[in-house]
Amino acid sequence: MDLDKVAGDITKVLVTPEQIQSKIKELAAQLDAHYADKGVLLVGVLKGAVMVMADLSRAMQIPVQMDWMAVSSYGHGTQSSGVVRILKDLDADLIGRHVLIVEDIIDSGLTLSWLISNLEARGAASVEIVALLRKPEAAKVDVNVRWIGFDIPNEFVVGYGLDYAENYRTLPGVAVLDPKTYS
Ligand code: PRP
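Report follows, based on the coordinates. This one's a predicted model, so the numbers in the text were calculated from it and none came from an experiment. (Residues numbered from 1 in each chain as written. Predicted model: local features only at pLDDT ≥ 70, side-chain atom pairs only at ≥ 80, totals over all residues. Heavy atoms only, no water.)

### A look at helix 1 (residues 17-35)
Inference 1: In this model, helix 1 (19 residues) spans 26 Å end to end at C-alpha, consistent with the 27 Å of a helix rising 1.5 Å per residue.
Inference 2: Contacts made by the buried residues of helix 1 are with strand 1 (10-15), helix 2 (50-59), strand 5 (98-106), strand 6 (126-134), strand 7 (147-151) and strand 9 (174-177). (Helix = DSSP H or I, 4+ residues; strand = E, 2+ residues; numbered from the N terminus. Expected span 1.5 Å × (residues − 1). Contact = heavy atoms within 4.5 Å.)

### Some remarks on the site of the ligand
Inference 1: Around the ligand lies a shell of 15 residues, among which Glu103, Asp104, Ser108, Gly109 and Thr111 are the nearest.
Inference 2: In the model, an oxygen atom of the ligand is placed 2.9 Å from a nitrogen or oxygen of the Lys47 main chain.
Inference 3: Here Asp104 contributes a side-chain N or O atom positioned 2.7 Å from an oxygen atom of the ligand.
Inference 4: Contributions of two or more residues to the shell around the ligand are made by strand 5 and helix 3 (110-120).
Inference 5: Split into classes, the residues belonging to the shell around the ligand amount to four nonpolar, five polar and six charged. (Near = heavy atom within 4 Å. Polar contact = N/O pair within 3.5 Å; in protein donor to acceptor, adjacent residues only side chain to side chain. Nonpolar A, V, L, I, M, F, W, Y, C, P; charged D, E, K, R; others polar.)

### Concerning the nonpolar core
Inference 1: If you look at the biggest cluster of nonpolar residues, it comprises 29 residues, and the most contacted ones within it are Leu56, Leu100, Leu132 and Leu133.
Inference 2: Secondary structure elements with two or more residues in this core: helix 1, helix 2, strand 5, strand 6, strand 7 and strand 9.
Inference 3: Examining the composition of this core, we find that six residues originate from one element, helix 1, more than from any other.
Inference 4: Leaving out residues up to four positions away in the same chain, Leu132 has contacts with Ile20, Ile24, Val52, Glu103, Asp104, Gly149, Phe150 and Tyr160. (Core = buried A, V, L, I, M, F, W, Y, C linked by side-chain atoms within 4.5 Å. Buried < 20%, exposed > 50% of the residue type's maximum accessible area, 1.4 Å probe, protein only.)

### Some remarks on the pattern of salt bridges
Inference 1: One pass over the full model with this rule turns up 13 salt bridges.
Inference 2: A salt bridge links Arg146 to Glu128, with the nearest nitrogen and oxygen atoms 3.1 Å apart. You can see Arg146 sitting in the loop between strand 6 and strand 7 and its partner Glu128 sitting in strand 6, a full 18 residues away along the chain.
Inference 3: Its salt-bridge partner being Lys180, residue Asp178 comes within 3.6 Å of it at the nearest N-O pair.
Inference 4: Overall, Lys180 belongs to the exposed group, its relative accessible area being 53%.
Inference 5: Sharing partners across several salt bridges, the network here consists of Lys47, Asp163, Glu166 and Arg169. (Salt bridge = Lys/Arg side-chain N within 4 Å of Asp/Glu carboxyl O.)

### Here's the deal with the packing of aromatic side chains
Inference 1: Under the definition given, this model contains four aromatic pairs.
Inference 2: Centroid distance Tyr35 to Trp147: 6.0 Å. Interplanar angle 50 degrees. Geometry classified as tilted. Note that Tyr35 is positioned in helix 1 and Trp147 in strand 7, a separation of 112 residues in sequence.
Inference 3: Through a chain of ring-to-ring contacts, the aromatic side chains of Phe156, Tyr164 and Tyr182 assemble into a single cluster.
Inference 4: Over the ring of Phe150 we find Lys23, and its NZ or CZ is 5.2 Å from the ring centre. (Phe/Tyr/Trp six-rings, centres within 6.5 Å; stacked < 30°, edge-to-face > 60°. Lys NZ or Arg CZ within 6 Å of the ring centre and 35° of its normal.)

### Overview of the sheet that holds strand 9
Inference 1: Pairing in this open sheet of three strands is antiparallel, and the strands run 1-9-8 from one edge to the other. Since the sheet does not close on itself, it has two edges, and those belong to strand 1 and strand 8 (157-158), each with one partner.
Inference 2: With four bridges joining them, strand 1 and strand 9 adopt antiparallel strand pairing. The residue bridging Val15 from the neighbouring strand is Val174, located in strand 9. (Pairing = 2+ DSSP bridges.)

Here's what the structure looks like:
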């Protein structure tokens, strides 16, 4: 669905579809160079990361494998405790693998910080993160993210995987949701 179809629900477009696609190509080239000799298992965190995973993995020119996790953070949005429950675990064995977590957004950083320790504890040779978006003002913990697409302000954003009540995920760009849409 194009962004103009939801013009009445959003206040501004923060990252255009063209900016996203150009950044994806740039990140893919950096990842190709970094993982060329060692191979990489891309780990997507459902559901938001589906779009970035689909585009980034196809923009990469080296062979990659993909796996998925679904997690739920207790107290998300109110009192993020950093305690995460696994709803769907990986199928792959991580021993000796180079793992790249693919995320749509880093908000508080609590999910990612838990995920890194969890995947490292399974014997991965390395665990790195690529995230399309990051909200620096929302950070509660420092997460070492090696590849970042865009830093954005701490506003309620939707699109390119990000939802409000499961809507807007399929928008090709990232936009600020008008508060009247959810109040
Ligand atoms: C979002 C996003 C990250 C997480 C980041 O997922 O995809 O996984 O929140 O938040 P944090 O940095 O504060 O931990 P969400 O829980 O909204 O689930 P979804 O991807 O299914 O929409």
